[in-house]
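An overview of the molecular structure
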Amino acid sequence: MFFSQKQEIQMVGRARMENFRRTLIFGNGGTGTTWMARELGAILNRQVIHLDDVRWMPGHYGVARDNQLVFNEVAEAGQADTWVMEGVYGWLAKAVLPRITSLIWIDLPVDECIANVRARGIQGGGSEASFQELINWIREYRGRENSSTSYESHYKLFDAHAGTKVLLKSRSEVISYVEAVRAAAA
């Protein structure tokens with residue numbers, strides 16, 4: 001069932017905390033999925049799983065690990081009773097889809113995503129060249145085809161999920177949502 005951000009916040013206020021047992025947050029790079037996952041993880045006392053940490057070689061952002069190994073690790077992590085998971089990889093989200101109790105899609109304008117990534121700078125041992133590649137990759141989000149990291153793929157993932165889901169389209173909606181969860185958990 002899809003709820004608008006305002007409806008979902010009202011429902012969170014009614015202590016529907018059970019919906020947050022296993023939460024997946026996804027969106028384009030730079031949308032704030034990592035920030036939101038950290039916040040919700042702390043508020044709800046949940047393990048936070050960052051799909052980038054599973055996908056890439058430790059200390060070598062951009063150097064991919066074996067796809068099947070990564071998929072299996074995500075599926076295994078998803079067997080836990082509670083968690084907050086975040087990332088951009090639709091193909092990895094499929095490893096946990098049957099277990100998700102709440103799906104959150106952050107869909108911010110691409111220019112805002114790029115500004116967020118520029119503000120945080122190079123991470124995980126990346127180079128200036130790889131950072132520019134990341135910026136270009138974020139810019140291509142809405143036009144990318146045949147990729148589980150595209151707008152189209154994220155839309156399909158969101159649309160197909162029959163459980164609780166919310167779409168957040170601005171930074172203020174993201175912050176309001178986190179604050180509503182914080183208030184409901186208090």
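Just above, that's the structure.
Here is a short report on the structure shown in this document. (Residues numbered from 1 in each chain as written. Predicted model: local features only at pLDDT ≥ 70, side-chain atom pairs only at ≥ 80, totals over all residues. Heavy atoms only, no water.)

Thoughts on the environment of Ser 153
- For Ser 153, the position within the fold is in helix H8 (residues 151–160).
- A relative accessible area of 18% means that Ser 153 is categorised as buried.
- As for Ser 153 and Trp 91, which are separated by 62 residues in sequence, their C-alpha atoms are 9.2 Å apart.
- The residues touching Ser 153, leaving out its near neighbours within four places in the chain, are Ser 147 and Ser 148. (Helix = DSSP H or I, 4+ residues; strand = E, 2+ residues; numbered from the N terminus. Buried < 20%, exposed > 50% of the residue type's maximum accessible area, 1.4 Å probe, protein only. Contact = heavy atoms within 4.5 Å.)

Looking at the pairing of strand S2 (residues 22–27)
- Burial within S2 is extensive, with 6 of its 6 residues counted as buried.
- As paired elements, S2 and strand S6 (residues 83–87) share 5 bridges and run parallel to each other. From the neighbouring strand, Ile 25 faces S6, where its bridge partner is Glu 86.
- Alignment of S2 against strand S7 (residues 102–106), held across 5 bridges, turns out to be parallel. Residue pairing in the sheet places Phe 26 in a bridge with Trp 105 of S7. (Pairing = 2+ DSSP bridges.)

Focus: unusual backbone geometry
- Residue Asn 45 is not a glycine yet carries a positive backbone phi of 55°.
- By the secondary structure assignment, Asn 45 is in the loop between helix H2 (33–44) and strand S3 (48–50).
- A positive phi angle is found at Asn 146, which is not glycine, with a value near 55°.
- Positionally, Asn 146 belongs in the loop between helix H7 (128–139) and H8.

A word on the pattern of salt bridges
- Summed over all chains, the structure comprises 9 salt bridges.
- A salt bridge links Arg 182 to Glu 39; the shortest N-O distance between them is 2.9 Å. Residue Arg 182 is located in helix H9 (residues 171–185), and its partner Glu 39 is located in helix H2; the two are separated by 143 residues in the primary sequence.
- Among the residues examined, Glu 39 registers a relative accessible area of 23% and is labelled partly exposed.
- Of the charged contacts, one joins Glu 152 and Lys 156 as a salt bridge, the two residues approaching to 3.6 Å between their closest N and O atoms. A residue pair is termed a helical-turn pair when its members lie 3 or 4 positions apart in one helix, as Glu 152 and Lys 156 do in helix H8 at 4 residues.
- Assessed through its relative accessible area of 52%, Lys 156 is described here as exposed. (Salt bridge = Lys/Arg side-chain N within 4 Å of Asp/Glu carboxyl O.)

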